[in-house]
Amino acid sequence: MNDMAVLETVDIEERNRQAIEILRTNDRGGYNIPTAGLYPYQWNWDSAFAAWGWSEIDLARAWTELETLFKGQWSTGMVPHIIFHEVDEGYFPGPNVWGTHKSPQTSGITQPPVAATMARKIFEKDPTAGRAPVERLFKAMGDWHRWFIESRGESGAIAITHPWESGRDNALDWEKAAEVIDTTNVGEYQRRDTSHVNPEMRPRKIDYDRYLALVYLGRDVGWDETKIREQSPFRVADVGMTFILLRACRDLAWLADQIGQPRKEIDTWIAHLEKGCEQLWNAELGCYDSLDLKTGKLSGTKSVGSFLCWFAGVEPRDSKQSLEGVLSRAPYSIPSLDPASSRFDAKRYWLGPTWPVVNSIVGLGLQEQGETVLAERVRKDTYEMIMQTGFYEYFNPMTAAGEGGNNFTWTAAVWLAWVTKGLEQ
Ligand code: DGY
């Protein structure tokens, strides 16, 4: 059977069956890998989305996913972006390069804190069954959020110290800020990602050189946050990270009310972040933007992170017009970078492709804030891409071609938990 014939025979039930199979196949016992080969470990925000997907078929397993994630939490409260449960030579940089000396082994940086939002979603499905897991996770989630505010919240918005922390590695938001990173000591290394995926769909070599330079800098100062802040040339207030943390704090405060825990401190974080978001408004661009904390300059980038303002519950100002402009330039929304940008590249990771996982949280936000037409456009485009092509990591926003890794956990998860919910039948 050729590919076209496969396409013709696929229906929604078949995609549902495949999504469940992907969750089960990528299960490594208490946690999911994003996809075999390219990402063979537990990734932080992938795992939170995996939990949301699991909650459609197995609530207990969903809670286990989050509990396994927090087994990697550091005593500082930080929850690392990768937990290396079992070493796999197919990924670079592995645990020895990070040199964090933790058990379980982990990377030294974090990732967007979606966990509290997903914990709320899972809790809402069965508050009785969810009470005990939320009671177990509550302190850990709060410690992580406090760590963000104290270690990364000096501007009011949330700083990333490495592009990988954003989850949007090569987004244009910080390309300029990253140009000052000295890569002369990086030396030779062998990338593994480009042996799994077409190199045109991955960050460039210069990006990887900078990623590694920052890993070596962090390792050399023992992953000490104060020293990183003093010594690193790279510190950017990420619009995506800030909005996701703000939303996660709102959800954590809601969970506090459900289980009878105090929310006062969480409310101070919410106020801090709400205020911090104001400086991210880029009036010239007509959307929220990332801010280089070393130069005080906004990046001038209309990226998908900007459109998480509804999800965060902040005043969208002119964001609706900006989003409508972006949607008018790509049939399969939401491209990770505005196609009007000279740097738009429909294939290259966060410089253009559409990511179903980000669509799910932008779409949730739009729906909650009453922007139902836009929300349904985003959901329907996501549905079309997955129906046409399958469960890829990301998609070409002009053609719906699948890109990056295939059989991807978070694409399967958001298919089950969001894409197919409330679709006009
Ligand atoms: C990678 O290896 O591409 C990841 O995005 C780092 O987290």
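Here the structure is a predicted model, which is why all the values come from computation and not from measurement.

*Asks:* Would you mind going over the site of the ligand with me for this structure?
*Replies:* Close to the ligand lie Tyr39, Trp43, His81, Tyr91, Trp164, Asp169, Arg202, Tyr208 and Tyr349. A distance of 2.6 Å separates an oxygen atom of the ligand from a polar atom in the side chain of Tyr91. A distance of 3.3 Å separates an oxygen atom of the ligand from a polar atom in the side chain of Tyr349. Contact with the protein chains removes 96% of the 240 Å² of surface that the ligand exposes when unbound. Each residue belonging to the shell around the ligand can be placed in one class, and the counts come to six nonpolar, one polar and two charged.

*Asks:* Would you mind showing me how to read the confidence of the model for the chain here?
*Replies:* Caution is warranted with low-pLDDT regions, since their predicted coordinates should not be read in detail. Summary statistics for the chain give a mean pLDDT of 96 and a share of 97% for residues scoring 70 or more. Note that residues 1-6 has pLDDT below 50 and, in this model, one contact with residues that lie over four places away or in other chains.

*Asks:* What is the right way to read the sheet that holds strand E5 (residues 236-237) from this model?
*Replies:* Two modes of strand pairing occur in sheets, parallel and antiparallel, and in both the strands are linked by backbone hydrogen bonds. Across the sheet, four strands lie side by side as E4-E5-E8-E9; this open sheet has antiparallel pairing. Looking along the sheet, the strands with just one partner apiece sit at the ends: strand E4 (159-160) and strand E9 (297-298). By the bridge criterion, two bridges tie E5 to strand E8 (residues 291-292) in an arrangement that is antiparallel. Counterpart to Val236 in the pairing with E8 is Asp292.

*Asks:* How do you make sense of the side chain of Asn282 when you look at a structure like this?
*Replies:* With respect to the helices, strands and loops of the structure, Asn282 is situated in strand E6 (residues 281-282). When neighbours within four sequence positions are excluded, Asn282 is seen to be in contact with Cys287, Tyr288, Asp289, Leu298 and Gly300.

The rules we used
- Residues numbered from 1 in each chain as written.
- Predicted model: local features only at pLDDT ≥ 70, side-chain atom pairs only at ≥ 80, totals over all residues.
- Heavy atoms only, no water.
- Near = heavy atom within 4 Å.
- Polar contact = N/O pair within 3.5 Å; in protein donor to acceptor, adjacent residues only side chain to side chain.
- Areas by Shrake-Rupley, 256 points an atom, 1.4 Å probe, with all protein chains shown as cover.
- Nonpolar A, V, L, I, M, F, W, Y, C, P; charged D, E, K, R; others polar.
- pLDDT = per-residue confidence, 0-100.
- Contact = heavy atoms within 4.5 Å.
- Pairing = 2+ DSSP bridges.
- Helix = DSSP H or I, 4+ residues; strand = E, 2+ residues; numbered from the N terminus.

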